[in-house]
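# Per-entry structural report
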Amino acid sequence: MSGNPLDQPRPMAALGSEPVRTISRDELKAKLDRGDGVKLIMALNRWAFDAKHIAGSLHFDTPEQLYAAIRPDDEVVVYCSHVDCLSSVALYRDLVRRGYRNVRRYSGGLLDWEDAGLPLEGEYATAAVG
């Protein structure tokens with residue numbers, strides 16, 4: 001778990017009392033660059049995913065599609081738009097509750113990734129800077 005309290009959802013909105021295991025932008029980027037096979041899942045709706053998402057992300061329209069595609073021993077990273085967006089917290093908690101053992105939340109989400117000029121895909125994605 002990250003030692004940064006800013007990575008955690010606000011206590012009244014945390015959807016549970018257990019801390020959320022997180023991953024930093026740099027660690028996530030390194031895993032994606034290496035092709036580690038991490039399942040990066042955007043926890044927002046289809047419109048948001050089609051508009052803009054981190055390159056290589058997955059999206060599922062239904063929980064049934066998600067749980068058919070992801071195995072309990074997969075390395076899974078969930079994210080949504082920013083640190084206070086709770087869609088990724090809800091998905092994280094659901095995965096953990098269902099026995100998925102290697103789940104983390106990229107709490108900075110799409111805004112943090114985009115602010116760093118990192119690669120995005122989708123209708124409204126702009127080319128990465130640099």
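Above this note sits the structure.
Residues numbered from 1 in each chain as written. Predicted model: local features only at pLDDT ≥ 70, side-chain atom pairs only at ≥ 80, totals over all residues. Heavy atoms only, no water.

## Here's the deal with the overall build of the protein chain
Helices and strands together make up the secondary structure of the protein chain, namely five helices and five strands. Counting from the amino terminus, the protein chain carries its helices and strands in the arrangement α-β-α-β-α-β-α-β-α-β. Considering only contacts in the protein chain between residues 6 or more positions apart, those separated by 24 or more positions represent 67%. Only carbon and sulfur atoms are counted for the fraction: they give 53% of the accessible area of the protein chain, which is about 7,200 Å². (Helix = DSSP H or I, 4+ residues; strand = E, 2+ residues; numbered from the N terminus. Contact = heavy atoms within 4.5 Å. Areas by Shrake-Rupley, 256 points an atom, 1.4 Å probe, with all protein chains shown as cover.)

## Details of the side chain of Lys52
Inspection of the secondary structure puts Lys52 in the loop between helix 2 (46-51) and strand 2 (53-54). Apart from residues no more than four positions distant in its own chain, Lys52 is found in contact with Met42, Leu110, Glu114, Leu120, Glu121, Gly122, Tyr124 and Ala125.

## With respect to helix 4 (residues 87-97)
Within the span of helix 4, buried status applies to Ser88, Val89, Leu91, Tyr92, Arg93, Asp94 and Leu95. In this structure, the buried residues of helix 4 make contact with strand 1 (39-42), helix 3 (63-69), strand 3 (76-79) and strand 4 (103-105). One or two steps after helix 4, the chain reaches Gly99, where phi turns positive at roughly 95°. (Buried < 20%, exposed > 50% of the residue type's maximum accessible area, 1.4 Å probe, protein only.)

## Concerning the sheet that holds strand 4
With parallel pairing, three strands are arranged side by side in an open sheet as 1-3-4. The sheet terminates laterally at strand 1 and strand 4, the two strands that pair on one side only. Between one strand and the next, the sheet's axes are offset by a mean angle of 25°, whatever the strand orientation. The sheet strands contacting helix 4 are strand 1, strand 3 and strand 4, and the helix crosses strand 4 at an angle near 170°. (Pairing = 2+ DSSP bridges. Axes fitted to C-alpha atoms, helices over the stretch in contact; angles between N-to-C directions.)

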